[in-house]
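# A structural walkthrough
What follows is each chain in one-letter form.
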Amino acid sequence: MNDCSGHGTQCAVVAASRRIKTKLYGTFPITIEGAVSAVELYSYKITWKYYNFIPDNFMEAFKAAIRDEVDIISVSLSHPEKHDYYTTFIAHASFLAMKHGILTVAAGGNYGPLKETVRNFAPWMVTVGASTSEKTFRTRVKLGSIEVEGSSFNPFKTELLPFEVFPTLKNSKPSPVVKAKLRELLEGCIVLCDTYQESRMAEKAGAKATLYRERDKLPFARSWKKFTAIWIPCEEAARILHYTREKNKSGTQIMAKIFQCMRVDNPNSFKVPHFSSRGPNPITKEILKPDLCAPGVEICVPELRGQIVLLHGTSFACPHVAAKAGLIKREFEKNGLKPLASWIHSAIITTAFSPDRKVADVYSEGAGFINFLEALDPGLVYACDEKEFVNFLVGQGYNKRSLRKIFEWNGDKTKAIKYCSTKTKIQYSVDIPRNLTYVGSTSSTYKAEVEIQTSTEGIEIEVEPKILDFTCKDRMQHFTVNVSVNQQLWTTEVVTAYLIWSEKEVKGSKHHIVRSPIVIIKK
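Residues numbered from 1 in each chain as written. Predicted model: local features only at pLDDT ≥ 70, side-chain atom pairs only at ≥ 80, totals over all residues. Heavy atoms only, no water.

## Quick word on the overall build of the protein
Across its full length, the protein holds 12 helices and 25 strands. What you see for the protein is a C-alpha radius of gyration of 26 Å, in line with the 24 Å of a compact globule of 523 residues. Projected onto its principal axes, the C-alpha coordinates of the protein cover approximately 80 × 60 × 50 Å. Buried residues in the protein amount to 54% of all 523 residues. Considering only contacts within the protein whose residues lie at least 6 apart along the sequence, 70% involve residues at least 24 apart. Total accessible area on the protein is roughly 25000 Å²; 49% of this is exposed by carbon and sulfur atoms. (Helix = DSSP H or I, 4+ residues; strand = E, 2+ residues; numbered from the N terminus. Rg over C-alpha atoms; globule rule 2.2 N^0.38 Å. Buried < 20%, exposed > 50% of the residue type's maximum accessible area, 1.4 Å probe, protein only. Contact = heavy atoms within 4.5 Å. Areas by Shrake-Rupley, 256 points an atom, 1.4 Å probe, with all protein chains shown as cover.)

Structure, rendered in structure tokens:
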């Protein structure tokens, strides 16, 4: 198969590759491996150019995957514009796969940080956002008598060089005269810039290296183009500017030196970067998207020439989750179960974790970050079948004749869908019905509790019944979540809570916790 850009090959490597020792950009020793190592991987060619998607090609690729009886489909692409379920061929193709028991995992897009930028948001597919990784590249810089650290892949240290601050420009597109003055000021220097765009201008002006900041963005190491650009936190930039002003008063030229980068534990792991698309679902506000996040920053992958490079994007978070989802499906089957695609979807979401739920943003991270080992044995799952998804579309107001043609509709009208997360607009009170399916091997009892994340008055969330008993013969149980509000006391526009089903502890058995996010918005 020909890969004209390398993107497909890179996503395949993230999903499945053995552990190998190599060199990043041919210089920095590193060990890389895929999300899984022993797997049968199929690739299907659908386009030769970015965003030049032919719907028939896409559908045929999915049909081929269904004929090949794959377990999971990973889709690291999206429409650049928002489309509803009817006009999105990814939604059509993934629905067809779902009917055959195959879960589709799709990238949420790199259109953040604005809200409602998430792509691939159909409820029958897993939508994945990007998160920072557990390891990161850090580079130390010495400026005069102070030291700072930033995010950068930098395989070489520099000698002592003059340090300058990028001047304020009236126009973002400087004239030839201004460009000449920039070269005169910045050539051969290490330069502090206010933005990444200024960093690129300093590079063109002959700077040896740059430090730059980006307001309201989490720093991480970008790809390396044989030019050292170090992304520093805003507070570090402020410290440098203060130090520079003090030195300028005495007329002292600051000399700076950049050291070789180090790969260290990331103090900002499990954070959502600015580029990862945000929710809520732009079409169906009741469906929370993205579903969860996975590593999509500082990912080491091969390019077409064979060199290992550093990239970022939800495209790389997606195959990480897809590969793990395949193992989860096989685990269900080992236990004698025949899982629906929604079972795997639910297992991934209800076992996701967030290091600090008190400050979690469900529109950026969804249910949290993938927790593979817990998802292998989730205890309970929220099950949705083909009929329920089609009825959901009818309830959304889609034309019945068109739905019969595209989704093979033949059902009743319902707006609700028993999804594994809940988002609702509310004025006074609402009842949310849900089903839970037991996937354990012995009888078990679960008790419900509600954890309200946002501190607020005027909101009550009740679960009825609070206790559910499951057996291997009676695997499905029903419950209802009632949300009621007092508008006079309710002051926060958006409230986030978690519905937690805790298994009764039995000595010698795993204690399962099934957690689902609830988002409540003032109507």
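## A few points about the packing of aromatic side chains
A full pass over the atoms with the stated rule returns 27 aromatic pairs. Note on Trp124 and Phe389: the rings are 5.8 Å apart at their centroids and 80° apart in plane angle, and the pair reads as edge-to-face. One end of the pair, Trp124, is in the loop between strand E4 (103-107) and strand E5 (125-131); the other, Phe389, is in helix H11 (residues 386-395), with 265 residues separating them in the sequence. With respect to class, Trp124 is no different from Phe389; both count as buried. An angle of 75° between the planes, with centres 5.8 Å apart, marks the rings of Phe153 and Trp224 as edge-to-face. (Phe/Tyr/Trp six-rings, centres within 6.5 Å; stacked < 30°, edge-to-face > 60°.)

## Details of the pairing of strand E12 (residues 255-258)
Of the two faces of E12, the one lined by Ala256 and Ile258 is fully buried and the one lined by Met255 and Lys257 carries no buried residue. Sheet topology note: the strand E6 (residues 135-143)/E12 ladder contains three bridges and is antiparallel. Looking at E12, one finds that Lys142 is bridged to Lys257. Sheet topology places strand E8 (residues 161-165) next to E12; two bridges connect them, and they run antiparallel. The partner of Pro162 across the bridge, within E12, is Met255. (Pairing = 2+ DSSP bridges.)

## Let's talk about the sheet that holds E4
What holds strands together in a sheet is hydrogen bonding between their backbones, with the strands either parallel or antiparallel. Pairing is parallel across the open sheet formed by four strands, whose spatial order is E3-E4-E5-E14. In this open sheet, the two edge strands, each paired with only one partner strand, are strand E3 (72-75) and strand E14 (292-295). Pairs of neighbouring strands in the sheet enclose a mean axial angle of 35°, with direction left out of account. Note: E4 against E5, four bridges, orientation parallel. Note that in E5 the partner of Val105 across the bridge is Val126. Across the sheet, helix H3 (residues 89-99) lies against E3, E4 and E5, angled at about 120° from E5, the strand it touches most. (Axes fitted to C-alpha atoms, helices over the stretch in contact; angles between N-to-C directions.)

## Details of the packing of helix H2 (residues 55-67) against H3
Interhelical geometry of H2 versus H3 gives an angle of 15° and a closest axis separation of 9 Å. Relative to H3, H2 is oriented roughly parallel. Crossing of H2 over H3 shows right-handed handedness. Along its contact with H2, which presents Pro55, Phe58, Met59, Phe62, Lys63 and Ile66, the element H3 presents Phe89, Ile90, His92, Ala93, Ser94, Leu96 and Ala97. (Parallel < 35°, antiparallel > 145°, perpendicular 65-115°, else oblique. Left-handed = near helix turned anticlockwise from the far one by under 90°.)

## Some thoughts on empty space enclosed by the protein
What the rule picks out here adds up to five cavities of 30 Å³ or more. Empty space within the largest cavity amounts to approximately 90 Å³. Lining the largest cavity are 14 residues, and of these His83, Thr88, Arg119, Asn120 and Phe121 lie nearest its centre. Looking at the lining of the largest cavity, its residues break down into six nonpolar, four polar and four charged. (1 Å grid on protein atoms, 1.4 Å probe; cavity = no way out; pocket = protein on both sides within 12 Å on 5 of 7 lines; lining within 4 Å. Points joined across faces, edges and corners; volume = space filled by probe spheres on them. Nonpolar A, V, L, I, M, F, W, Y, C, P; charged D, E, K, R; others polar.)

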